[in-house]
Amino acid sequence: MSRKKIIAGNWKMYKSQSEAIALTAAIAEGISHQPPTAEVWIAPPFLYVAKLISQFGNSGLAFGAQDCSAHDEGAYTGEISASMLHSLHARFVLVGHSERRAYHQETDIQIALKIDAALRNGITAVYCCGETLDERNTGRHFDIVRAQVSEALFHLPALAFEKIVIAYEPVWAIGTGVTASPEQAQEMHAFIRSLIEQQFDTALAAQLSILYGGSVKPNNAATLFAQPDIDGALVGGASLVASDFLSIIAAG
Ligand code: PEP
């Protein structure tokens, strides 16, 4: 396992198929001119994962999904399993995004089962955690993130962390245009790394990639990435515009 810098785009429920292909082509073209120091990951809507992997799988981009089922197969109408994603050669899956927690009532226990499903199928789980504004304003942000990290990850064996990435995404910064300050983000990233260190060991914590997510834009990416415990970003809105995403990649 090695600590990697990763810039990941979460496209959420945006783009038609032709727009998705055009956006990926523009990103692939951009990184071919300016090879990034960070790995560049893209999580399009499920529908486009296979197509984009077959068309752009050799262009230096890694593709994944925005969610997966906790089950490998079964009568679960509308669900997509990690084993299906594995069969498409998807590399990663976002798990526990705050929009899944808020709109689909996902709990840390369910999220832990999704992480298990991803790992069982050889897919990296990008575990998203982060506090709401109310939780931060009432001084509970560290307790909330500690509970999220422990409930979703502490049951894993140390070896599993080869395929775990954590994305700290304060809910109040997602899609709002309000970014955590570099100091706020660094403070929480260092806290998360210390939780992993206490539960597992120093070497494992030092190797873990912890991404920041929440209104990362071309004009704030570099100062965030300059923080010692910030290993890249999970980018929503700005990953939908090739020039913005490429600027963020260049800052990585
Ligand atoms: C996200 O959806 O994970 C995210 C960070 O979105 P945005 O960059 O738009 O805040």
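For the structure, check the block above.
Residues numbered from 1 in each chain as written. Predicted model: local features only at pLDDT ≥ 70, side-chain atom pairs only at ≥ 80, totals over all residues. Heavy atoms only, no water.

Caption draft 1: Examining the site of the ligand more closely. The full set close to the ligand counts 14 residues, and Lys-12, Glu-169, Gly-175, Ser-215 and Gly-236 are the nearest of them. In the environment of the ligand, an oxygen atom lies 2.9 Å from a nitrogen or oxygen atom belonging to the side chain of His-97. The contact in question runs from an oxygen atom of the ligand to an N or O atom on the side chain of Glu-169, over 2.6 Å. Protein burial of the ligand: of its 290 Å² of free accessible surface, 97% is covered by the chains. The residue makeup of the shell around the ligand, split by class, is four nonpolar, eight polar and two charged. (Near = heavy atom within 4 Å. Polar contact = N/O pair within 3.5 Å; in protein donor to acceptor, adjacent residues only side chain to side chain. Areas by Shrake-Rupley, 256 points an atom, 1.4 Å probe, with all protein chains shown as cover. Nonpolar A, V, L, I, M, F, W, Y, C, P; charged D, E, K, R; others polar.)

Caption draft 2: View of empty space enclosed by the protein. In the structure shown here, the tally under the stated rule is one cavity of 30 Å³ or more. Each pocket or cavity is described by its volume, and for the largest cavity that value is around 40 Å³. Lining the largest cavity are Gly-96, His-97, Ser-98, Arg-101, Cys-128, Cys-129, Gly-130, Gln-148, Glu-169, Val-171 and Ile-174. Looking at the lining of the largest cavity, the elements that each hand over two or more residues are helix 4 (98-103) and strand 5 (124-129). Here the residues of the lining of the largest cavity are counted per class, giving four nonpolar, five polar and two charged. (1 Å grid on protein atoms, 1.4 Å probe; cavity = no way out; pocket = protein on both sides within 12 Å on 5 of 7 lines; lining within 4 Å. Points joined across faces, edges and corners; volume = space filled by probe spheres on them. Helix = DSSP H or I, 4+ residues; strand = E, 2+ residues; numbered from the N terminus.)

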